[in-house]
Amino acid sequence: MHITMIKKRLRNGEPCAKCAQTEEMLRRRGLWDRVDEVVWAIEGEADSPGAVVGRRHGVDVAPFFVVRDEGGGETVFRSALQLIRTHLSQAPVAVSRTAGLPDGPDESPGEGADEGAGEDWVALAAELSQRDPAGILRWGLERYGERCTLRFEGAEDVVLIDMAMQLGLAFKVFAIDTGRLRPESYRFLDAVRNHYGVAIDLYFPDASAISELVRQKGPNSFLQDGHAECCALRRVAPQKRALRKFEAWVSGRRKDQRPHASPDLPVVLQDPEFVGAKGPIVRLNPLANWTRDRVWAYIEEKQVPVNELHALGFVAIGCEPCTRPTAPDRPEREGLWWWEGAGEGADAVPAGDGI
Ligand code: SF4
């Protein structure tokens, strides 16, 4: 199922009030993540993407929603509450139960809800942290199989793919193509695919949202007002879409990894940022307790494929405009969003690891 919200933007660039209220209502109910795509109808522009969708469905007021099912059939919802009752009533409430509107759906997870409900995640993390990364990964893959996905991006992720291959258990891999990656990263992706013979599902940003941002602010708005908005569209939204198909995911994050250093990073938790197929998604951080040196020792020992950019001095691997080489032993932060100032705002990226 794919949900598109058609919103109206006024001539002054602001969204219409009702569209903003509808989005806010979905956010309060923890359902905004379920909207896959936003298409804008621009006031007075009959050829804007949202206006075209409206004409196709005979709808002339915004907001409205188009739900596409697996067979390609489309259903239009002029009412957000009707959409919730029909398709979203088993979604988890991610933010606040007290903020729900009257006349809303039953917000408790129904049949098929997360099998980890009631799990003591703190105790489980304490138990699993006694294991090595491969042991933690084994636990996840044995429990979730292909309902678990690894996210591929950097050196840590290939270490985890290598471990998963050694385990011989079923798993999935996805990656995000932000549209701003360096050529070396595409070659790296190909190298990993070929080395392990694994399929890597690529997820892309929503074209209309990017087009709207670029139209409003140009292609490099992050240099003026920070990376959060661009990252939210290019990195976080596709990741949300990818993870909604799974019940667990595996991240290569380490406790000591800048700019996301987190001394308390558990090896397993219910992810506070993302939602999965049956509600809260489980996140595994098998490398939480490894250092960068330990990761690279594994890479050298196992001859794991690496991104050519590392040899050029890149520590942070990601989008071309936002990463640069750093001198050895300098903080990783210096190679990432450096124009925003070291430290300050470094953890402002909305979600995900690395970039
Ligand atoms: Fe945009 Fe830079 Fe974030 Fe990439 S890293 S999504 S280019 S702000």
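Residues numbered from 1 in each chain as written. Predicted model: local features only at pLDDT ≥ 70, side-chain atom pairs only at ≥ 80, totals over all residues. Heavy atoms only, no water.

1. As for the environment of Arg-333
The topology assignment puts Arg-333 in the segment after α11 (292–302). Note on Arg-333: relative accessible area 6%, which makes it buried. A sequence separation of 76 residues divides Arg-333 from Gln-257, and the C-alpha atoms of the two residues are 9.5 Å apart. (Helix = DSSP H or I, 4+ residues; strand = E, 2+ residues; numbered from the N terminus. Buried < 20%, exposed > 50% of the residue type's maximum accessible area, 1.4 Å probe, protein only.)

2. Some points on the sheet that holds strand β1 (residues 2–9)
Spatial strand order, β2-β1-β3-β4: 4 strands in an open sheet with mixed pairing. In this open sheet, the two edge strands, each paired with only one partner strand, are β2 (37–42) and β4 (74–77). In this sheet, neighbouring strand axes are inclined to one another by 25° on average, regardless of whether the strands run parallel or antiparallel. Across the sheet, helix α1 (residues 17–28) is in contact with β1 and β3 (64–68); its angle to β1 comes to roughly 145°. (Pairing = 2+ DSSP bridges. Axes fitted to C-alpha atoms, helices over the stretch in contact; angles between N-to-C directions. Contact = heavy atoms within 4.5 Å.)

3. Section: the nonpolar core
The nonpolar side chains of a soluble globular protein tend to be buried, and buried together. Residues Phe-152 and Val-268 are the most contacted members of the largest nonpolar core, which totals 43 residues. Aside from chain neighbours lying at most four places away, what touches Phe-152 is Asp-157, Val-158, Ile-161, Val-173, Phe-174, Ala-175, Phe-188, Leu-189, Val-192 and Ile-200. Leu-31, Trp-40, Val-67 and Ala-80 belong to the second-largest nonpolar core, a separate cluster that totals 17 residues. (Core = buried A, V, L, I, M, F, W, Y, C linked by side-chain atoms within 4.5 Å.)

4. As for the site of the ligand
Taken together, 10 residues are adjacent to the ligand, and Cys-230, Cys-231, Arg-234, Cys-319 and Cys-322 come closest. Looking at which element gives the most residues to the shell around the ligand, the answer is helix α10 (residues 228–243), with 4 residues. (Near = heavy atom within 4 Å.)

5. Here we look at unusual backbone geometry
For residues that are not glycine, phi is negative in most cases, and the peptide bond is trans in most cases. A cis amide bond links Ala-62 to the next residue, Pro-63, at an omega of 10°. Considering the arrangement of structural elements, one finds Pro-63 in the loop between α2 (49–57) and β3. At Gln-303, a position not held by glycine, the phi torsion is positive, near 55°. When you line up the elements, Gln-303 lands in the segment after α11. On the accessibility criterion, Gln-303 (60% relative accessible area) is exposed.

6. Details of the packing of aromatic side chains
Summed over the entire model, instances satisfying the criterion amount to 7 aromatic pairs. Relative to Tyr-203, the ring of Phe-174 lies with its centre 6.0 Å away and its plane at 90°, an arrangement referred to as edge-to-face. Placement of Phe-174 in strand β6 (residues 172–176) and of Tyr-203 in strand β7 (residues 201–203) is noted, with a sequence separation of 29 residues between them. Judged by its relative accessible area of 1%, Phe-174 falls in the buried class. By the ring-pair criterion, three or more aromatic residues cluster together here, those being Phe-222, Trp-338 and Trp-339. For the cation-ring pair, Arg-9 lies above Trp-40, with the distance from its terminal atom to the ring centre recorded as 3.9 Å. (Phe/Tyr/Trp six-rings, centres within 6.5 Å; stacked < 30°, edge-to-face > 60°. Lys NZ or Arg CZ within 6 Å of the ring centre and 35° of its normal.)

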